[in-house]
Amino acid sequence: MSWGTELWDQFDNLEKHTQWGIDILEKYIKFVKERTEIELSYAKQLRNLSKKYQPKKNSKEEEEYRYTACKAFLSTLNEMNDYAGQHEVISENMTSQITVELARYVQELKQERKSHFHDGRKAQQHIETCWKQLESSKRRFERDCKEADRAQQYFEKMDADINVTKADVEKARQQAQMRHQMAEDSKADYSSILQKFNHEQHEYYHTHIPNIFQKIQEMEERRIVRIGESVKTYAELDRQVIPIIGKCLDGIVKAAESIDPKNDSQLAIEAYKSGFEPPGDIEFEDYTQPMKRTVSDNSLSNSRGEGKSELKFGGKSKGKLWPFIKKNKGATPEDFSNLPPEQRRKKLQQKVDELNKEIQKEMDQRDAITKMKDVYLKNPQMGDPASLDHKLAEVSQNIEKLRLEAQKFEAWLAEAEGRLPARSEQARRQSGMYDAQSPPAVNSCAQDRESSPDGSYTEERSQESEGKVLAADFDDEFDDEETLPAIGTCKALYTFEGQNEGTISVVEGETLYVIEEDKGDGWTRIRRNGDEEGYVPTSYVEVYLDKNAKGAKTYI
């Protein structure tokens, strides 16, 4: 099966067929190139997606990733980043091993094809030239033969005519002989050219064209083999990254299997545990015997106090105001006394650890300066030891300040750790509100305990005293905590996530009612839908006060 023998007369069709083969190869190159662009785009989108959901440094999100479920999600993001890298590898390998190589091969193929068909056209032109020579010699031979016949006929006519002179007959005879000789020469020339043409034609159809077409066939078959190899490489490059992609997916599965709901529940306890104990039972108060009535340790001292207590702590929104009670609104106290005991202890412990790290850092710096000073003392040419005295004194002063600060927080920490199990029933039931609010009540109880005539402490007297003080304090602080009328409206400029007790979450653009203005502490009290209320930072809302509302300030 050879193109040289089977397709000896299909030069033009072979030229079209080989050009079509090159077009197919270029189409495949374009396909692979577009695939590499898709892989790069996909990898870029995966990386952007992974980056978008990565936790921001030094933000609350970093604390959330202590939970195993969040860790699994973070592992998924990291594995997806590696997964994207494998698609970049596919794109890079396809570009270098297929696109670039085939593009170079196409250029070589075009040059080779051009050379082969140039040789074919050259052979065609040569045989066409030989054919034209043959035709020319043939026509000349035919013409000379006809001229010789005419000259012979003229001679015979002149020879038969008695009126023609002998000289004219001789001239006609010589002319006839010359024409016969020219015909013989043309015949010999034609015969020679014919033999030459037949030889050239045989060489053309049995040697030159078969050789050229055989080379074109080999070229075309190499092109087909090259496409097959490229298609195989295309699949292999995909297959090479499958193990690594499998490891990425295995990593995601492993992260999912590492999720521990019990551990996450424990972390939630550590994050939000207040340290309070649930309130005890409220004792029955018998009003039919007013003279013998006693105040239980879980109630207030009079009906007004009882009503207030039940209203305030049983209400839907009043318990939410902690720690934003009036005496504690504003900046966070340095000793974190606004927090529940357990949270306060954790914050204090964290602060102590930070201070100890800073002290250690300053001590390391002091040691380094001291060593440098010793070097300067031993080698004065290296520097002046006195130049380090100021820096050494400054560092020592910083260490002393940090130690005093650490001692202060350690004292608060010891106080918090010592008070945790000793919460009173009344304080536990009121969720820490009075710890920050009414130290006089505690002192009062202590004085009552000490002022007993016989030195003993009467439980009833203590409870009654504590109840009276708490009720009075409670009434003073919450007389105006009844359902307050709206004094205006506000529009949320930004989204605020209310994470602490007493705050309320708002969404950017949301409109709410203002029920209490900012009193200089940076917080405004608002209400949503008539029953949900709390505090938001004043800077997060734009307030529109009703000038006719009670309690509204007049702006001039």
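This report concerns the structure included in the present document. (Residues numbered from 1 in each chain as written. Predicted model: local features only at pLDDT ≥ 70, side-chain atom pairs only at ≥ 80, totals over all residues. Heavy atoms only, no water.)

Some remarks on the overall build of the chain
Broken down by element type, the chain carries twelve helices and five strands. The buried share of the chain, taken over its 556 residues, is 36%. The long-range fraction of contacts in the chain, counting pairs at least 24 apart against all pairs at least 6 apart in sequence, stands at 73%. With an accessible surface of roughly 34600 Å², the chain has 52% of that area assigned to carbon and sulfur atoms. (Helix = DSSP H or I, 4+ residues; strand = E, 2+ residues; numbered from the N terminus. Buried < 20%, exposed > 50% of the residue type's maximum accessible area, 1.4 Å probe, protein only. Contact = heavy atoms within 4.5 Å. Areas by Shrake-Rupley, 256 points an atom, 1.4 Å probe, with all protein chains shown as cover.)

With respect to the pattern of salt bridges
A side chain of one charge can pair with a side chain of the opposite charge when the charged atoms of the two come close. Overall, the coordinates contain 23 salt bridges when judged by the stated rule. Among the salt bridges present, the one from Asp 189 reaches Arg 140, with a minimum N-O distance of 2.4 Å. Remark: Arg 140 occurs in helix 4 (residues 68-160) and Asp 189 occurs in helix 5 (residues 166-257); sequence separation between them is 49 residues. Classification of Asp 189 by relative accessible area gives partly exposed; the value is 29%. (Salt bridge = Lys/Arg side-chain N within 4 Å of Asp/Glu carboxyl O.)

Re the nonpolar core
Nonpolar side chains tend to gather and get buried jointly when the protein is soluble and globular. In this structure, Leu 25, Met 94, Ile 98, Phe 213 and Ile 216 are the most contacted members of the largest nonpolar core, which totals 39 residues. Of all the secondary-structure elements, those providing two or more residues to this core are helix 2 (11-52), helix 4 and helix 5. Top element by residues in this core is helix 4. It accounts for 15 residues. The contact partners of Phe 213, leaving out residues within four places of it in the chain, are Trp 3, Gly 4, Leu 7, Trp 8, Phe 11 and Leu 14. One finds Ile 487, Phe 496, Ile 504 and Tyr 535 within the second-largest nonpolar core, a separate group that totals 13 residues. (Core = buried A, V, L, I, M, F, W, Y, C linked by side-chain atoms within 4.5 Å.)

So, the packing of aromatic side chains
What the rule picks out here adds up to 13 aromatic pairs. Between the aromatic rings of Trp 8 and Tyr 205, the centroid separation amounts to 5.3 Å while the plane-to-plane angle is 90°, which identifies the pairing as edge-to-face. Here the residue Trp 8 occupies a position in the loop between helix 1 (3-6) and helix 2, and Tyr 205 occupies one in helix 5, the gap between them amounting to 197 residues. Measuring from ring centre to ring centre gives 5.3 Å for Trp 131 and Phe 197, while their planes differ by 50°; the resulting arrangement is tilted. Of the two residues, Trp 131 is situated in helix 4 and Phe 197 in helix 5; the sequence distance between them amounts to 66 residues. A relative accessible area of 43% places Trp 131 in the partly exposed class. Exposure remark for Phe 197: the relative accessible area of 5% places this residue in the buried category. (Phe/Tyr/Trp six-rings, centres within 6.5 Å; stacked < 30°, edge-to-face > 60°.)

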